Amino acid sequence: RRDCHGGDQIKHRCVRIKRETNSITRSTARYGDLAMTSNDTTPAEDSADPAGLRAPGSTAVLSLPPERLVCVEYPCRVRSVGRMLETVGGEEGMSRAYADSTKRLELNFRPRDPYCHPVCGNRFPSTSLVLRVRRRVRKGGGEPGNGAPPEQGDMSMEILGIIGTTYKFQGMADFQYLAVHSHPDGTQTSLYDKILLRQPEKKEFFDKDVPLFIPPPIFSRLDNPVDYFYRPEVQHREGYTPPTLSSENLIGLSRARRPHNAIFINFEDKEVPMGPLEAAVQNWQRVCNHPNERRAEEEMRKVDAGMRLL
């Protein structure tokens, strides 16, 4: 009896393990990839269920639409689709950026301001899906006015297309500079109506006295943050004296000095130079040997003479 009873326990345990294994297989097939296979189905069962509503553990084949879409990870909260498209140049601007694989997508937070510096989005290949999920809510679940939540209905899912390209705005925006003039009393005046030519104007428009406004094309050369590893100065022992500088302990003294011979002036200077430095003239005479260079020099002298007459 003991042997038979022990055999029955082993048999029941084997049946229980088999059932648990089957349940794990069904769970894996249910929550696996889009295409799921199992050894329990036959071709006859697949053809008998064209709608794809099969029991757990059966084969499920999902057809993907041929549409190819482009994803833009917009770095702001979108409330108006029209204004959002205007910041990236519209559909035409996005088409131009997508046609050139080396071009980045520019986003202007003030698209009507020509002095607005854009934020650039990098292009990355991707393999994603665009899903449309709908949930039906049954409103007859509770009596009106009693505050009871509606009953949850069925949910449906539809694949709209495949995303092959994604634009991600991973960098920081450049420094923004508005066209305003600050007065000594702290008030500010907008300069857009004075410096922007919105329509053909007469001579009086160009003769107006306007404050100087010449911003640089970019403020920051890099749009991604860079880590600077600051290090303290080297602390030497007490009584250390640095050596005197000479040609024996310096590197790069054999390189010839290259002076630029440029003249720097400010906008507030009343007088401007009427000719180059003497060192620049001697350097030009030394390196000017080609006939085309001589011809370009003569043309520049004619232009300079005409500007002086004005």
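Quick note: structure is the one above.
These numbers were taken from a predicted model, which means no experiment stands behind them.

This part covers the overall build of the protein. Secondary structure assignment for the protein yields eight helices and six strands. Shown N-terminal to C-terminal, the secondary structure of the protein runs as helices and strands in the order α-α-β-α-α-β-β-β-β-β-α-α-α-α. A sequence separation of at least 24 residues applies to 55% of the contacts in the protein between residues at least 6 apart. With the model as given, the accessible surface of the protein reaches about 27500 Å², and the carbon-plus-sulfur share is 54%.

A cluster of nonpolar side chains, namely Leu62, Leu64, Leu129, Leu131, Val133, Met155 and Met157, defines an oily patch on the protein surface of about 670 Å² accessible area. At the level of secondary structure, the elements contributing two or more residues to the nonpolar patch comprise strand E3 (119–138) and strand E4 (151–168). Residue contributions to the nonpolar patch peak at three residues, all from E3. Examined against the element boundaries, leucine 64 turns out to sit in the loop between helix H2 (43–48) and strand E1 (68–73).

In this description, an aromatic ring pair is defined by two values, namely the gap between the centres and the angle between the planes. If you walk through the whole model with that rule in mind, you get four aromatic pairs. Here tyrosine 115 and phenylalanine 213 contribute two aromatic rings whose centre-to-centre distance is 5.0 Å and whose plane-to-plane angle is 85°, an arrangement assigned as edge-to-face. Within this pair, whereas tyrosine 115 is found in the loop between strand E2 (105–107) and E3, its partner phenylalanine 213 is found in the loop between helix H6 (203–206) and helix H7 (278–287), the two being separated by 98 residues in sequence. You can call tyrosine 115 partly exposed: its relative accessible area is 22%. For phenylalanine 213, a relative accessible area of 12% translates into the label buried. Judged by centre distance (5.6 Å) and plane angle (20°), the rings of tyrosine 177 and phenylalanine 213 are stacked. A residue pair is termed long-range when its members are at least 10 positions apart, and tyrosine 177 in the loop between E4 and strand E5 (180–182) and phenylalanine 213 in the loop between H6 and H7 qualify at 36 residues. With a relative accessible area of 42%, tyrosine 177 lands in the partly exposed category. Ring-pair connections join several aromatic residues into one group, and the members of that group are Tyr115, Tyr177, Phe213 and Phe219. Here the basic side chain of lysine 168 rests over the ring of phenylalanine 124, its NZ or CZ set 5.4 Å away from the ring centre.

The next subject is the side chain of aspartate 113. In this fold, aspartate 113 is placed in the loop between E2 and E3. A distance of 3.1 Å separates a polar atom in the side chain of aspartate 113 from the backbone nitrogen of tyrosine 115. Once residues lying within four places of it in the same chain are set aside, the contact partners of aspartate 113 are Leu178 and Tyr192.

For the rest of this paragraph, the subject is the pattern of salt bridges. For the coordinates displayed, the defined rule picks out eight salt bridges. Two residues, arginine 112 and glutamate 86, come together in a salt bridge whose shortest N-O distance is 3.4 Å. With a gap of 26 residues between them, arginine 112 in the loop between E2 and E3 and glutamate 86 in helix H3 (residues 81–87) connect regions that are remote in the sequence. Arginine 112 gets classed as exposed once you look at its relative accessible area, which sits at 73%. Judged by relative accessible area, which is 36%, glutamate 86 ranks as partly exposed. Between aspartate 207 and lysine 203 there is a salt bridge, and its shortest N-O distance comes to 2.6 Å.

Within soluble globular proteins, side chains that are nonpolar tend to cluster in buried spots. In this structure, Val88, Ala97, Leu105, Leu107, Val119, Tyr167 and Phe169 together form the largest nonpolar core, which totals seven residues. Filtering out sequence-adjacent residues up to four positions away, valine 88 remains in contact with Tyr74, Gly93, Met94, Leu105, Glu106 and Leu107. Within the second largest apolar cluster, five residues are counted, among which are Leu191, Tyr192, Leu196 and Phe213.

Turning next to the environment of threonine 165. Note that threonine 165 resides in strand E4. Take threonine 165: its relative accessible area is 9%, and that puts it in the buried class.

Calculation criteria
Residues numbered from 1 in each chain as written. Predicted model: local features only at pLDDT ≥ 70, side-chain atom pairs only at ≥ 80, totals over all residues. Heavy atoms only, no water. Helix = DSSP H or I, 4+ residues; strand = E, 2+ residues; numbered from the N terminus. Contact = heavy atoms within 4.5 Å. Areas by Shrake-Rupley, 256 points an atom, 1.4 Å probe, with all protein chains shown as cover. Patch = residues over 30% accessible without salt bridge, like charges linked within 9 Å, V, L, I, M, F, W, Y side chains within 5 Å. Salt bridge = Lys/Arg side-chain N within 4 Å of Asp/Glu carboxyl O. Phe/Tyr/Trp six-rings, centres within 6.5 Å; stacked < 30°, edge-to-face > 60°. Buried < 20%, exposed > 50% of the residue type's maximum accessible area, 1.4 Å probe, protein only. Lys NZ or Arg CZ within 6 Å of the ring centre and 35° of its normal. Polar contact = N/O pair within 3.5 Å; in protein donor to acceptor, adjacent residues only side chain to side chain. Core = buried A, V, L, I, M, F, W, Y, C linked by side-chain atoms within 4.5 Å.

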